[in-house]
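Next come the chains, spelled out residue by residue.
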Amino acid sequence: MSARTFCQVAALWLAAVIIQPALAAQAPNAPPPAPDLAPRLARAADRIASIDAQASRVEDYNALRNLQQIYGYYYDEAQWEQVLDLFADDASVEVGLNGVYAGKASIRRYYYGLTAGKQGLVQGQLNNQLQLSPVITLGPDGQRAQARWRVVMQDGVFNQSANWGAGIYENEYVKQNGVWKIARLHLYVRFYSPYESGWTRATAALNERYGKSTAKADRPPTQRYETWPARYTAPMHYEATTSDRYRLAPPDSAHAAPPPQNAPRTAAQLEAQVRALDLKLRRLHAVDELENLESSYGYYADMSMQDATSALFAENATLEILGRGVFIGRDRIYEYMRRLGAPTDGRLFTHMQLQPVIDVSADGNTASIRARLFEMFGVNGSQAQWAEGTYENRFVLDNGVWKYQSLNGYQTFYTFYEQGWGKHSVPLMTYFPGYPPDLPHSVEYEPFPAVFIAPYHFRNPVSGR
Amino acid sequence: MRSCLAACLAAAALLYQPARAAEPIVTDSRLITEERRVQILEAKLASLQREIDLIEDRKAIERLQQLWGHYVSEGMAHEAALLFSAGPAASIEYAQQGVYLGRARIEAFLKAGGARLQPGELRETPVMQAVVHVAPDGRTAKGRWRSLVMGGVQGQDGRWEEGPYENEYVKEGGVWKISRLHWYTTMSGSYDKGWHRQSYPAAGPLANLPPDLPPSERYQSFPSFFLPPFHYLNPVSGQPVAWDYPPTGSTP
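Bear in mind that the values here come from a model prediction, so they are computed numbers and not experimental data. (Residues numbered from 1 in each chain as written. Chains lettered and ligands numbered in written order. Predicted model: local features only at pLDDT ≥ 70, side-chain atom pairs only at ≥ 80, totals over all residues.)

### Considering the overall build of chain A
Then, in step 1: For chain A, the count of helices and strands is 8 helices and 12 strands.
Then, in step 2: Over its C-alpha trace chain A gives a radius of gyration of 30 Å, far above what one expects of a compact globule, namely 23 Å for 465 residues.
Then, in step 3: Oriented by its inertia axes, the alpha-carbon framework of chain A measures out at about 120 × 60 × 40 Å.
Then, in step 4: Buried positions account for 46% of the 465 residues belonging to chain A.
Then, in step 5: For chain A, the share of sequence-separated contacts (at least 6 apart) that also reach a separation of at least 24 residues comes to 64%. (Helix = DSSP H or I, 4+ residues; strand = E, 2+ residues; numbered from the N terminus. Rg over C-alpha atoms; globule rule 2.2 N^0.38 Å. Buried ≥ 20, exposed ≤ 12 C-beta atoms within 10 Å, placed from the backbone. Contact = placed C-beta atoms within 7 Å.)

### A short note on the overall build of chain B
Then, in step 1: Across its full length, chain B carries 4 helices and 10 strands.
Then, in step 2: N-terminal to C-terminal, the α/β element order of chain B is α-β-β-α-α-β-β-α-β-β-β-β-β-β.
Then, in step 3: For chain B, restricting intrachain contacts to residue pairs at least 6 apart in sequence, the fraction spanning at least 24 positions comes to 56%.

### Let's talk about the interface of chain A and chain B
Then, in step 1: Residue-level contacts link 97 residues of chain A with 86 residues of chain B.
Then, in step 2: Looking at the side of chain A that touches chain B residue by residue, the classes come out as 56 nonpolar, 23 polar and 18 charged. (Nonpolar A, V, L, I, M, F, W, Y, C, P; charged D, E, K, R; others polar.)

### A short note on the sheet that holds strand β1 (residues 87-95) of chain A
Remark on secondary structure: sheet strands pair via backbone hydrogen bonds, oriented parallel or antiparallel.
All names here are of chain A.
Then, in step 1: The mixed open sheet is built from 6 strands, whose spatial order is β2-β1-β6-β5-β4-β3. Each end of this open sheet is capped by a strand with a single partner; those strands are β2 (100-102) and β3 (125-138). Strand-to-strand twist across the sheet, computed as the mean angle between neighbouring axes with direction ignored, equals 15 degrees.
Then, in step 2: Taken together, the 12 bridges between strand β5 (residues 161-176) and strand β6 (residues 179-194) define a ladder with antiparallel strand orientation. (Pairing = 2+ DSSP bridges. Axes fitted to C-alpha atoms, helices over the stretch in contact; angles between N-to-C directions.)

### What to know about unusual backbone geometry
Then, in step 1: For the bond running from Phe 448 of chain A to Pro 449 of chain A, omega is 10 degrees, close enough to zero to count as cis.
Then, in step 2: Structurally, the position occupied by Pro 449 of chain A is in the segment after β12 (401-416).
Then, in step 3: Between Phe 222 of chain B and the following residue, Pro 223 of chain B, the backbone shows a cis peptide bond with an omega angle of 15 degrees.
Then, in step 4: One can find Pro 223 of chain B in the segment after β10 (187-190).
Then, in step 5: In this structure, Asn 177 of chain A takes a positive phi of about 50 degrees despite not being glycine.

### Looking at the pairing of strand β10 (residues 366-379) of chain A
Residues and elements named next belong to chain A.
Then, in step 1: Sheet analysis places strand β9 (residues 347-360) next to β10, joined by 12 bridges and oriented antiparallel. When the bridges of β10 are listed, Phe 349 appears paired with Phe 377.
Then, in step 2: The antiparallel pairing of β9 with β10 creates a hairpin that spans 5 residues between the two strands, and Gly 364 there sits at a positive phi of about 75 degrees.
Then, in step 3: As judged from the 14 bridges shared by β10 and strand β11 (residues 383-398), these two strands associate in the antiparallel manner. Counterpart to Ile 369 in the pairing with β11 is Asn 393.

### Regarding the packing of helix α2 (residues 38-76) of chain A against helix α2 (residues 34-73) of chain B
Then, in step 1: Across the interface, α2 of chain A lies against α2 of chain B with an axial gap of 10 Å and an inter-helix angle of 20 degrees. One finds that α2 of chain A runs roughly parallel with respect to α2 of chain B. Handedness of the α2 of chain A/α2 of chain B crossing: left-handed. Contacts between α2 of chain A and α2 of chain B pair Arg 40, Leu 41, Ala 44, Arg 47, Ile 48, Ile 51, Gln 54, Ala 55, Val 58 and Tyr 61 of chain A from the former with Val 38, Leu 41, Glu 42, Leu 45, Leu 48, Gln 49, Ile 52, Ile 55, Glu 56 and Lys 59 of chain B from the latter.
Then, in step 2: Residue classes in the contact of α2 of chain A with α2 of chain B are distributed as 13 nonpolar, 2 polar and 5 charged. (Parallel < 35°, antiparallel > 145°, perpendicular 65-115°, else oblique. Left-handed = near helix turned anticlockwise from the far one by under 90°.)

### Some points on the domain arrangement of chain A
Residue and element names in this part refer to chain A.
Then, in step 1: Taken domain by domain, chain A comprises domain 1 (50-249) and domain 2 (276-465).
Then, in step 2: Each of domain 1 and domain 2 has a C-alpha centre, and the two are 26 Å apart.
Then, in step 3: Those elements that provide at least two residues to the side of domain 1 that touches domain 2 are α2, α3 (80-85), β3, β4 (144-157), β5 and β6.
Then, in step 4: Considering only residue class, the side of domain 1 that touches domain 2 consists of 16 nonpolar, 14 polar and 5 charged. (Domains from an automatic or database assignment.)

### As for helix α6 (residues 267-302) of chain A
Then, in step 1: The terminal C-alpha atoms of α6 of chain A lie 52 Å apart, and with 36 residues this matches the ideal 52 Å at 1.5 Å per residue to within 8%.
Then, in step 2: Once α6 of chain A ends, the next one or two residues include Ser 304 of chain A, with phi positive near 50 degrees. (Expected span 1.5 Å × (residues − 1).)

### Topic: the nonpolar core
Then, in step 1: Among the nonpolar cores identified, the biggest contains 175 residues, and Val 151, Ile 182 and Leu 290 of chain A together with Trp 68 and Ala 80 of chain B are the most heavily contacted of them.
Then, in step 2: Looking at this core, the element that brings in the most residues is α2 of chain A, giving 15 residues.
Then, in step 3: Looking at this core, you find at least three residues from each of domain 1 (50-249) and domain 2 (276-465) of chain A.
Then, in step 4: Not counting the four nearest positions on each side in its chain, Ile 182 of chain A is found in contact with Tyr 71, Leu 86, Phe 87, Ala 88, Ala 91, Asn 171 and Tyr 173 of chain A. (Core = buried A, V, L, I, M, F, W, Y, C linked by C-beta atoms within 7 Å.)

### A word on the confidence of the model for chain B
Predicted coordinates in areas of low pLDDT are best not read in detail.
Residue and element names in this part refer to chain B.
Then, in step 1: Across chain B, the average pLDDT comes to 89, with 85% of residues at 70 or higher.
Then, in step 2: Low pLDDT, under 50, characterises residues 8-22; the stretch is placed with 16 contacts to residues that sit more than four places away or in other chains.
Then, in step 3: Below pLDDT 50 for its whole length, residues 247-252 participates in 9 contacts with residues either more than four positions away or in separate chains.
Then, in step 4: Here the predicted complex scores 0.90 on pTM and 0.91 on ipTM. (pLDDT = per-residue confidence, 0-100.)

### Digging into the confidence of the model for chain A
Residue and element names in this part refer to chain A.
Then, in step 1: Here chain A averages 92 in pLDDT, and 90% of its residues register 70 or above.
Then, in step 2: In the predicted structure, residues 14-19 sits below a pLDDT of 50 and forms 3 contacts with residues beyond four places in sequence or in another chain.
Then, in step 3: Contacts for the low-pLDDT stretch residues 21-26, under 50 throughout, to residues beyond four places or in other chains number 1 contact.

Okay, here's the thing in structure tokens:
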């Protein structure tokens, strides 16, 4: 090596020694050798499996709630084929003291035997059974569940009879091929009494009229009990002292999340799984937000608060109630609400929103609710009314906030308190005087005593019918 | 010379940058490593864990509140009282009956009035129309519900009672409990005559079991107008929802 070459090399070496720290300062992330991510990916996969299992339990809870509430809507209309689809093949049905109907063929005979062998209501029949107040308990294996429900019956035949009733369901459910079905339906009737005399004059004989089918039961009742006024508590499927400790996700390791399937091998695969889980949770969260929204609509409508109520609607939303026609846009909805009148002493305007069947779209951006409207009106000293109907509402997620896209309220009956639905039903309400709609109402129908089934936003959750 | 060669090799080694194990990805116009991407997803998973816990909390609260309705309907005062927080601040308040503090006093109130069923008495208490908000830390929650009670004693006039609950909850040892239950009477009326012909004032204090505190709010039920306050703002507008009493104007 020449002296010149030596100098060149030495200079290069010097430069390297001096420049290297400078380079390091310029690029502080000069990466170390790539770490082995496999253990972290494995831990993330476990975590995804655990959160997903927890989310699936909440999905089950929501599906069971919808299932029983949907049963109620079909039952109201005596849509027996739809009702039958909700049962497992080896299910049983027991209503009041009418005995046990076991297996689908018997169950079919039971329901058809309630309506003279025909499906569907005939003119003048009302068959409402409100599904309320669920206590749902998922089994530890995720394949069975139990629930207690409270029902209010509101039925009769126009110009002949009207009844109030109440009872308790203690039901069992089974998940087959990923779909929840009713395994055992057991209604304990508490009272069933004529509208005129009310429940305080109920007798065992009156109560036992409920749910009587012309079909013969397969077995005697599983429980012998006396209906009200005797005191009888339908057995609870949960222990009183521990019932409040129940968690949807069982804490015991025996039912821990299954080992993850398709464990991610790259960050890209992990990201895809995290995004899918994120969507699943957003859809579950939406169910709760939507329930709050629908309930709030009812609380605000109670008080005719046009500002609070109309604020719940999207800018271009539509509103269609009874036969009042279609109102387009939030401003028009505000004016509609204003015409319901301000709350004041001496006036009762209760708008109960019950039995919500909530469905969120696959992308989590739109949703639908079917709900039951149950109203109590009063003008002190002069008049009171009952009203019942069905809401079918659509919702849209607008910049992260759920809003009404459309509200459609169908009238089943409005009746004066003194007469009740057995003797009186107001015809379909028409346009507000001096406030015509933007469009006429979209569905032609007549309320009770005519038979009208408000269109469903959902298909049968078991059969897809 | 040999030492010069060694020095050159050392310099080359210092300057050598090891190739990355995987191709970097572009996120937000920056290059991030596979490791950084995993780190971000780990943080996201931690937040999803908190979210699903809050979602499950809501279901637990719904179930707790529904247990309440079923126990009260059956006259099971002891079981209903067990749903409350064991802390001294737990409270129950019905209508204008005043406030009872602590689980023992809550149970005494329920046995004396709130969940008492005489022979032949009925108190069907469905709990409906939920608005529930769980605090972000998952330790407390609030809920509005409503009840339409079918009450009365065999052979006498029946009674309709309607009104909302504004309740509070607390998680104790991983279990949700009711920390405050407040049921407002909107209307209490005769079955036989109808609420428009015969309504009753909201129930007052029990003579044989005076409350620990007077009612937290004074109001009158139907035919008076009263809007029980909401624990939450309008979910879309974010505005408080209230109506002045007495209401003014606005009727078209």
